[in-house]
Amino acid sequence: MLKPPNVVLVDTNVLIEAHRTGCLTAIAGAFSLHTVEAVIVETQTGFHLRRKTQTIDEKWLRDHMRHIATISDEQLFVFDEQHGEVGLHDGEKALVIYAETLMGKDVWYLNSPDKATVRYAVGRGWNDRLISLEAMCERIGVRPKESFAGNFTERWLGQAKTDMALALLTKG
């Protein structure tokens, strides 16, 4: 069961939504947030497409992540060779590669509101490791200043996990 100070791997969209809703500082203080360098880079690009509330100071972000992993070109190549095209963006792919390095280690969770990441995680048997931003906030008693977008909720994640599990069963 998720509890502070569990390790939670977070992707770009989680960081931006947590910042937008005012809960990033609280979850960074309560959980051991891990990410990858590609995600940090993604949070700093595309500013022309984002509102000011979605802009996160890079220094602050780096200072508040418990760990930022660097994924090598070799690791990316091996992943692509083993899995082919699985629909993951660069940051998501690097994050699941990092997650693979944690198998058999401490308790960790993966927070990504992206269907491709959920599909990959369900296919790897990580259903119980997937966690929503909403659940993280509820666990520590933090209320966002604005409602979460739908794909950051427990309801969305539960439905996505069910859909992906059913898709795997019918693929057989």
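Please refer to the structure placed before this passage.
Residues numbered from 1 in each chain as written. Predicted model: local features only at pLDDT ≥ 70, side-chain atom pairs only at ≥ 80, totals over all residues. Heavy atoms only, no water.

Caption draft 1: Quick look at the pattern of salt bridges. In total, this model carries seven salt bridges according to the counting rule given. Here Glu37 and Arg62 are joined by a salt bridge, their closest N and O atoms 2.5 Å apart. In this pair, Glu37 is assigned in helix H3 (residues 37–43) and Arg62 in helix H4 (residues 58–64), connecting sequence segments 25 residues apart. Under the relative-accessibility criterion, Arg62 is labelled partly exposed at 31%. For Arg62, the salt bridge is made with Glu58, and the minimal N-O distance between the two is 3.0 Å. (Salt bridge = Lys/Arg side-chain N within 4 Å of Asp/Glu carboxyl O. Helix = DSSP H or I, 4+ residues; strand = E, 2+ residues; numbered from the N terminus. Buried < 20%, exposed > 50% of the residue type's maximum accessible area, 1.4 Å probe, protein only.)

Caption draft 2: Structural detail: unusual backbone geometry. For the peptide bond that leads from Pro4 to Pro5, omega is 0°, which places it in the cis range. Here Pro5 is to be found in the segment before strand E1 (7–10).

Caption draft 3: How the structure looks around the side chain of Thr21. Here Thr21 is to be found in the loop between helix H1 (12–20) and helix H2 (24–30). A distance of 3.4 Å separates the side chain of Thr21 from the backbone oxygen of Ala18, its partner in a polar contact. (Polar contact = N/O pair within 3.5 Å; in protein donor to acceptor, adjacent residues only side chain to side chain.)

Caption draft 4: A look at the side chain of Ser32. Considering the arrangement of structural elements, one finds Ser32 in strand E2 (residues 32–36). The exposure class of Ser32 is buried, given its relative accessible area of 5%. Side-chain polar atoms of Ser32 contact the side chain of His34, separated by 3.2 Å. If near-sequence neighbours (up to four positions away) are discounted, Ser32 is found in contact with Pro5, Asn6, Val7, Val8 and Arg66. (Contact = heavy atoms within 4.5 Å.)

Caption draft 5: Local environment of H1. With respect to burial, H1 is a largely interior element, seven of its nine residues being buried. All of the buried residues in H1 are Thr12, Val14, Leu15, Ile16, Glu17, Ala18 and Arg20. Looking at the packing, one finds that the buried side of H1 touches E1, H2, H3, H4, strand E4 (108–111) and helix H8 (133–140). Where H1 starts, the residue carrying a side-chain oxygen 3.1 Å from the main-chain nitrogen of Asn13 turns out to be Asp11. Two residues or fewer past H1, Gly22 is found with a positive phi of approximately 80°.

Caption draft 6: Spatial organisation of the environment of Leu61. Residue placement: Leu61 occurs in helix H4. The class of Leu61 is buried, set by a relative accessible area of 0%. Sequence separation of Leu61 and Tyr109 is 48 residues, and the distance between their C-alpha atoms is 19 Å. When residues no more than four places from it in sequence are discounted, the contact partners of Leu61 are Leu15, Leu24, Ile40, Thr43 and Ile56.

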